[in-house]
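A look at the structure
Here is what each chain is made of, one letter per residue.
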Amino acid sequence: SCLVLDLQEIDKDRVAAVGGKGAVLGELQRVDGIDVPAGFCVTTNAFRRVVSQATAIDEQLGRLAQLHPGETDAIRELGAEIRQSIESTSLPVELESAIARAIARLDEHAAYAVRSSATTEDSPTASFAGQHDSYLNIVGVAAIIEHVRRCWASLFTERAISYRLHNRVEHGTVEMAVVVQQMIAPQVAGILFTADPVTSNRKIASVEASFGLGEGLVSGLVNADTFKVRDDEVIVRAQREQPTLTDAQVVRLVQLGRRIEAHFGHPQDIEWCLVDGEFWIVQSRPITTLFPIPEAPDQENHVYVSVGHGQMMTEAMRPLGVSI
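Residues numbered from 1 in each chain as written. Predicted model: local features only at pLDDT ≥ 70, side-chain atom pairs only at ≥ 80, totals over all residues. Heavy atoms only, no water.

Strand order in this open sheet of six strands is 9-8-7-6-10-11, and the pairing throughout is antiparallel. The open sheet has two free edges, formed respectively by strand 9 (233-238) and strand 11 (278-286), since each of these has just one partner strand. On average, adjacent strands in this sheet sit at an angle of 20° to one another, irrespective of strand direction. Bridge analysis of strand 6 (residues 188-193) against strand 7 (residues 204-211) gives six bridges, and the strand direction is antiparallel. Across the sheet, Ala189 pairs through a bridge with Ser210, a residue of strand 7. (Pairing = 2+ DSSP bridges. Helix = DSSP H or I, 4+ residues; strand = E, 2+ residues; numbered from the N terminus. Axes fitted to C-alpha atoms, helices over the stretch in contact; angles between N-to-C directions.)

Next up, the structure:
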């Protein structure tokens, strides 16, 4: 029952142990030519151990199961109680020392991102993105442990509880792993969609880029440069006076994205950073809004028409299972 796993020990089959986000990061390390910041996962085993020691939680979860989505006051109060139970339970000594060892192997003085990785998120059927907490620039073993607890507790924010109630997910079935990853200080960061998110065209990739950390971009606070790429050529540019990326960099980034897409077998929504001319991949998830490609009996190109989002989309595509 491993409490801490290095990212290099993780692949896509470890979702139960490291959650959706952790499994993807482990798997990304296995894609040829893809750089992922070093880190480790505090596993769901660790979460289970701590929760089983928090004596009040079983009774609190029982009360939570009786609530309906509309009972917002009760949800808020009970959620706060459960978070308090989790945050005040002492960690097993072996867990504290496993985290300390993992950080010592990397760099005790570096800043880390501490991110929630629930067993339900980033699955193709449910987008829990943004439901649980992430913390940036955390330094030192004690602070990292404190923020690991906060990630566990974020399973029981009012928003996360309400989301599960609306989607009929039992509270006791969701478990939380935590990804701890070395922070990198990018000159440019952004998002790459390996299919056009507006038209669903799988031959066109879309890149959004902004100077700095990119968190503002993910939360929609920053105006980004946008590039669209087809067949290794930038076909659309919308940018400010000083472009964030050269065309050559945009094309290289899309080529990396195509490798990731081929590895996972679905169009991807990828978070990336540029540091000293090198691209680092910090997250990837399937694009859940694309229409599925119908199966076809032959290897010919087909034109499919999808009516949705108030517009008609046509696209020449090969049958499912053949990358375009």
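The next point concerns unusual backbone geometry. Of note, the phi angle at Arg168 is positive, near 55°, even though the residue is not glycine. Here Arg168 is to be found in the loop between helix 7 (158-166) and strand 5 (176-182). The residue Ser200 is not glycine, and still its phi comes out positive at about 70°. Looking at the secondary structure, you find Ser200 in the loop between strand 6 and strand 7.

Right, let's get into the nonpolar core. Within the largest apolar cluster, 43 residues are counted, with the highest numbers of intra-cluster contacts made by Val42, Leu95, Ile99, Ile144, Trp152 and Val178. Other than its neighbours up to four places away in sequence, Ile144 contacts Ile99, Ile103, Tyr112, Val114, Ile138 and Val180. In terms of nonpolar packing, the next biggest core, distinct from the first, is built from 34 residues, Ala17, Val18, Val36 and Val188 among them. (Core = buried A, V, L, I, M, F, W, Y, C linked by side-chain atoms within 4.5 Å. Buried < 20%, exposed > 50% of the residue type's maximum accessible area, 1.4 Å probe, protein only. Contact = heavy atoms within 4.5 Å.)

Between its first and last C-alpha atoms helix 4 (residues 72-88) spans 24 Å; for 17 residues at 1.5 Å apiece the expected length is 24 Å, and the two agree. Buried residues of helix 4: Ile75, Leu78, Gly79, Ile82, Ser85 and Ile86, and no others. In an axial view of helix 4, the angular spread of the buried residues amounts to 120°, which keeps them on one side of the axis. Along helix 4, exposed side chains directed more than 90 degrees from the buried face belong to Glu77, Gln84 and Ser88. On its buried side, helix 4 packs onto helix 3 (57-65), helix 6 (141-153) and helix 7. (Expected span 1.5 Å × (residues − 1). Arc of directions from axis to C-beta.)

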